[in-house]
Amino acid sequence: MIIIKHIDKIEEILAQKKSNGKTIGFVPTMGALHAGHISLIEKSKSENDFTVCSIFVNPTQFNNAIDLQKYPITIEKDIDQLELAVCDILFLPSTAEMYVEGEKNEHYNLGMLETILEGKYRPGHFQGVCIIVDKLLKAVNPNTLYLGEKDYQQCMVIKKMMASKNYDVVLKVCETVRENDELAMSSRNIRLNKNERIAALKIIETLKFIKSEIKPGKLDKIKSTATNLLTENGYKVDYTEIADAETLELIDYWDGDKKLVALVAAYLNDIRLIDNLIL
Ligand code: AMP
C-alpha cells in the first residue's frame, strides 16, 4: 500500500490511473478502523482497479470539542489492517493542507436534512462533513464512493451535496457490519467500559422492538415506549425516531405502506451511540 500525504501528489497519481482507464473506488474514514470500514474496502476492491482509503479526523464535523479530543487515534493499527485488506492507497492529509489558512469554508444547502435528527442535535456537523467530503472527492476523483448505512442521514447528505455539485461519482451505501451480539461496529465502541458495552446492546434491541411492534396508524406511543426502553437503561436519548426511508421525512402516522427506517441516537455517559434499522 502506498501512503500519500499531499493533495497534489494524490491528484497526480490518480489522474494517471484514470487516464489509463482504471477505475477508482474511494472509502473516506476518520480512522480507528474496524471490520465495518474494512467491509467497505473489500467492496471497493471487488468492484474497482484501485481502492483509496482516506483517514482524516475532520475537526469541522465535531460540534463538541471533548468528542474531538477523545476521538480514538490508532494509526499504526489502521495501517496494518489496510495492508491486510490489500488497500492500494492510503490518503493521510494534514489539517493544514485540508483547511488552508484564510480560506473561507463553503456553505451547502442541505434543506431539512440539516434541521432534523443528527442535524438538529449536532449543529454544524453536516456542513463539516460536506466540506471535507467535497475536498476529498476533488482530490481523489473516484468512480465510486463507498459509505456505510450505519450513518444513514450522512449518506443522504453526501448524496445531496454530490448532486448539487454535479459530481460524476456513483454512491454505494453498504450494509452496517455488526458484532456477534449485533452491536453496530463504531470507532467510539473502543471507549465503552464493560458495563457500558453490555448496556450498548439496548440500542439494537430498541430498534428491533420498533420493527416488531410497528403497526399502521399513529406512531407516538411506539416512539415513546422505545425512548423509555433506553432511558430505563441509563441512556440520555437525543432521539428515537421513525422516518421515510427514502427522504428521511419524520413520520408520525404510518399508512402501512411507506418504507420506513427507525433511527436512534443516545448517550451512555459521555459516549454517543447511533444506529438505525430499515423496518
Ligand atoms: P467513520 O470513520 O466513522 O467516519 O466512518 C467511515 C465510513 O465507514 C462511513 O461511511 C461510515 O458510515 C462507515 N462505517 C462506520 N461504521 C460502520 C459499520 N459498522 N458498518 C459499515 N460501515 C460503517
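Details of the structure are given in the entry above.
Caption draft 1: Structural context of the nonpolar core. Ranked by size, the top nonpolar core spans 46 residues in total, and within it Ile 10, Val 52, Leu 145, Leu 248 and Leu 263 carry the most contacts. With 10 residues, the single largest contributor to this core is helix α7 (residues 125–140). Composition of this core by domain shows at least three residues from each of domain 1 (2–174) and domain 2 (191–278). Residues within four places of Ile 10 in sequence aside, it is in contact with Ile 4, Val 52, Ile 89, Phe 91, Ala 139 and Val 140. Of all hydrophobic cores here, the second largest spans 26 residues; its members include Ala 200, Leu 201, Ile 203 and Ile 214.

Caption draft 2: Examining the packing of aromatic side chains more closely. The final tally for this structure, using the stated rule, is 3 aromatic pairs. On the numbers, 5.4 Å between centres and 75 degrees between planes, the contact of Phe 62 with Tyr 71 is edge-to-face. Note on accessibility: Phe 62 and Tyr 71 belong to one class, buried.

Caption draft 3: Representation of the sheet that holds strand β6 (residues 170–174). The strand order across the open sheet built from 6 strands is β1-β4-β3-β2-β5-β6, with neighbouring strands paired in parallel fashion. Strand pairing shows two members of the sheet lacking a second neighbour, β1 (2–4) and β6, which therefore form its edges. Within this sheet the neighbouring strands show an average axis-to-axis angle of 25 degrees, counted without direction. Set on the sheet, helix α1 (residues 7–19) makes contact with β1, β2 (24–29), β3 (50–55) and β4 (89–91); between it and β4 the angle comes to about 145 degrees. On top of the sheet, helix α8 (residues 152–164) reaches β5 (144–148) and β6; it is set at about 155 degrees to β5, its chief contact.

Caption draft 4: Representation of the packing of α7 against α8 in the model. It is at 10 Å that the axes of α7 and α8 come closest, and there the two elements cross at 55 degrees. Regarding the angle of α7 to α8, the classification is oblique. Considering the relative orientation of α7 and α8, their crossing is right-handed. Here Phe 126, Val 129, Cys 130, Val 133, Asp 134 and Leu 137 of α7 lie close against α8, whose contacting residues are Gln 153, Gln 154, Val 157, Ile 158, Met 161 and Met 162. Its residues assigned to classes, the contact of α7 with α8 shows 9 nonpolar, 2 polar and 1 charged.

Basis of the calculations
- Residues numbered from 1 in each chain as written.
- Predicted model: local features only at pLDDT ≥ 70, side-chain atom pairs only at ≥ 80, totals over all residues.
- Heavy atoms only, no water.
- Core = buried A, V, L, I, M, F, W, Y, C linked by side-chain atoms within 4.5 Å.
- Buried < 20%, exposed > 50% of the residue type's maximum accessible area, 1.4 Å probe, protein only.
- Helix = DSSP H or I, 4+ residues; strand = E, 2+ residues; numbered from the N terminus.
- Domains from an automatic or database assignment.
- Contact = heavy atoms within 4.5 Å.
- Phe/Tyr/Trp six-rings, centres within 6.5 Å; stacked < 30°, edge-to-face > 60°.
- Pairing = 2+ DSSP bridges.
- Axes fitted to C-alpha atoms, helices over the stretch in contact; angles between N-to-C directions.
- Parallel < 35°, antiparallel > 145°, perpendicular 65-115°, else oblique.
- Left-handed = near helix turned anticlockwise from the far one by under 90°.
- Nonpolar A, V, L, I, M, F, W, Y, C, P; charged D, E, K, R; others polar.

On their own, these measurements won't tell you what the molecule is for.
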